[in-house]
Amino acid sequence: MYACKTLINTSNELASREKRLSICLGADGFSFTEATLADELLTFGEAEGRHAATMTGVMADVKAFFAEAGIRPLGYRAMELIVLSDESTWVPDELYSSLSNRNYLRLVGSTPDMVMTCHSRALASTAVFAANEQVVTAFKVALPGIAVMHQHAKMAQLAPRCTDHPVLMAHWRKGRVDVAAFRDGRYLYGNTLCFANENEAVYHLVEVMKTYGIEEDGTELLLCGDVDRERYALLRPYFPVTTLFNGTLSRDRSSELHSLHAYRHALIMM
């Protein structure tokens, strides 16, 4: 069962077709947002609890959670499910074949139970990534029509906003940091980097900045995810500009939404 950890729901009378739903899967539950098509945040929620042991159990828990929250997750203009995958790769369209999905991941040292893909028209590439088949399939059945993507495909969508200066986005998780590098509105690089300690993480980020030629006076490090004061203070001296990325959705509808630490949930705030 999923328990409601946080639910901030504004009073709105918008029909589902005028809204979009974003869900981000976690190891123990999920978080979600409802937003208008004009990028105004309406609802934020967190479901806490271990995923059920069976696919039908996960489906039942998802439906029960939304019912108890008073949300009918049907009829949205768009729905997306973001999977936090540790093993993924991009394959250019001219090289991609669905018959080779497992081979693509084997090349990066992965032997996943389930391989999923999502296409990026902007990058003319397909993301191939490992996922938990049982949980992802349960969400797809419980929420018909939901589009599945991994965190790197979601982060790549930030590219058109990164035109004024180079940007390095770092989404922090336990023992891992998801990285995306941008310059001149283009997505240059994306990967999940593992680290044993904070100093190793700093080294990896600086190396990415240098390797992809975005080390300039105005380069901005955008931090999101599991960021605390100590991590922020450690990283700040190594980059010209360091900021917390609070997403791109407007949160002016209520004081609760406005005071939300959106950087912790930036992937569903975009």
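Shown above is the structure to which this text applies.
How each quantity is defined
Residues numbered from 1 in each chain as written. Predicted model: local features only at pLDDT ≥ 70, side-chain atom pairs only at ≥ 80, totals over all residues. Heavy atoms only, no water. Buried < 20%, exposed > 50% of the residue type's maximum accessible area, 1.4 Å probe, protein only. Helix = DSSP H or I, 4+ residues; strand = E, 2+ residues; numbered from the N terminus. Pairing = 2+ DSSP bridges. Expected span 1.5 Å × (residues − 1). Contact = heavy atoms within 4.5 Å. Axes fitted to C-alpha atoms, helices over the stretch in contact; angles between N-to-C directions. Phe/Tyr/Trp six-rings, centres within 6.5 Å; stacked < 30°, edge-to-face > 60°. Salt bridge = Lys/Arg side-chain N within 4 Å of Asp/Glu carboxyl O. Core = buried A, V, L, I, M, F, W, Y, C linked by side-chain atoms within 4.5 Å. Arc of directions from axis to C-beta. Polar contact = N/O pair within 3.5 Å; in protein donor to acceptor, adjacent residues only side chain to side chain.

Q: Which residues make up the pairing of strand β7 (residues 114-120), and what values do they have?
A: Here β7 lies mainly inside the structure; 5 of its 7 residues are buried. Adjacent in sequence and paired antiparallel, β7 and strand β8 (residues 125-131) are bridged by 4 residues, among which Ala-124 carries a positive phi angle near 50°.

Q: Quick one: what's the story with helix α1 (residues 55-68), residue by residue and with numbers?
A: With 14 residues, α1 should cover 20 Å at 1.5 Å per step; its first-to-last C-alpha distance of 20 Å lies within 8% of that length. Within α1, burial applies to Gly-57, Val-58, Met-59, Asp-61, Val-62, Phe-65 and Phe-66. Buried residues belonging to α1 abut β1 (3-9), β2 (19-26), β3 (29-36), β4 (41-48) and α3 (133-142). Remark: Gly-70 follows α1 within two positions and exhibits a positive phi of approximately 75°.

Q: Please provide a residue-by-residue account of the sheet that holds strand β11 (residues 176-183), values included.
A: A sheet is described by the order of its strands in space; here 5 strands give the open sequence β12-β11-β10-β13-β14, paired in mixed fashion. Whereas interior strands pair on both sides, the edge strands pair on one side only; in this sheet they are β12 (186-194) and β14 (241-244). Taking the axes of each pair of neighbouring strands and ignoring which way they run, one obtains an average angle of 20° across the sheet. Pairing of strand β10 (residues 167-173) with strand β13 (residues 220-225), which is carried by 6 bridges, proceeds in the parallel orientation. Note on β13: the bridge partner recorded for Val-167 is Glu-220. Lying on the sheet, helix α5 (residues 198-211) is in contact with β10, β11 and β12; it crosses β10 at an angle near 155°.

Q: So, the packing of aromatic side chains: which residues are in play, and what are the values?
A: One pass over the structure, following the stated rule, counts 13 aromatic pairs. Measuring from ring centre to ring centre gives 6.5 Å for Phe-30 and Phe-32, while their planes differ by 45°; the resulting arrangement is tilted. Grouping residues by exposure puts Phe-30 and Phe-32 together as buried. Here the aromatic rings of Phe-30 and Phe-66 are separated by 5.9 Å at their centres, their planes lie at 35°, and the arrangement is tilted. Separated by 36 residues along the polypeptide, Phe-30 in strand β3 and Phe-66 in helix α1 bring together distant segments of the chain.

Q: Quick one: what's the story with the pattern of salt bridges, residue by residue and with numbers?
A: For the structure on display, the rule yields 12 salt bridges. A salt bridge links Arg-50 to Asp-28; the nearest nitrogen and oxygen atoms lie 3.4 Å apart. Residue Arg-50 is located in the loop between β4 and α1, and its partner Asp-28 is located in the loop between β2 and β3; the two are separated by 22 residues in the primary sequence. Since its relative accessible area comes to 66%, Arg-50 is described here as exposed. Across the pair Arg-183 and Glu-216 runs a salt bridge, and its minimum N-O distance is 2.8 Å. Taken together, the residues Arg-183 in strand β11 and Glu-216 in the loop between α5 and β13 connect sequence positions 33 residues apart.

Q: Please provide a residue-by-residue account of the nonpolar core, values included.
A: If you look at the biggest cluster of nonpolar residues, it comprises 63 residues, and the most contacted ones within it are Ile-23, Phe-30, Phe-139, Met-169 and Phe-182. When residues no more than four places from it in sequence are discounted, the contact partners of Phe-182 are Met-155, Ala-156, Leu-158, Ala-159, Cys-162, Pro-166, Val-167, Met-169, Tyr-187, Leu-188 and Ile-214. Core analysis: the next-biggest nonpolar cluster, separate from the first, contains 22 residues, Trp-172, Ala-201, Ile-214 and Tyr-263 among them.

Q: Could you give an account of the environment of Thr-126, naming the residues involved and the relevant values?
A: Take Thr-126: it is sitting in strand β8. Ignoring any residue separated from it by four or fewer positions in sequence, one finds Thr-126 in contact with Thr-89, Trp-90, Val-91, Asp-93, Tyr-96, Thr-117, Cys-118 and His-119.

Q: How would you explain the sheet that holds β8 if you had to name every residue and give the values?
A: Overall, antiparallel pairing links the 3 strands, which are arranged β6-β8-β7 in an open sheet. Either end of the sheet is taken by a strand with one partner, and the two such strands are β6 (88-92) and β7. If you compare each strand with its neighbour and ignore which way they point, the axes differ by 25° on average. Pairing analysis gives 5 bridges linking β6 to β8, with the strands arranged antiparallel. From the neighbouring strand, Trp-90 faces β8, where its bridge partner is Ala-127. Sitting on the sheet, α3 touches β7 and β8, and the angle it makes with β7 is about 55°.

Q: Explain α3 residue by residue, including any values.
A: Each α-helix turn comprises 3.6 residues. Residues three or four places apart therefore point the same way. Along α3, the residues that are buried comprise Val-135, Val-136, Ala-138, Phe-139 and Ala-142. Looking down the long axis of α3, one finds its buried residues gathered within 160° of arc, a one-sided arrangement. In this structure Asn-132 caps α3, since a side-chain oxygen of it lies 3.1 Å from the backbone nitrogen of Gln-134.

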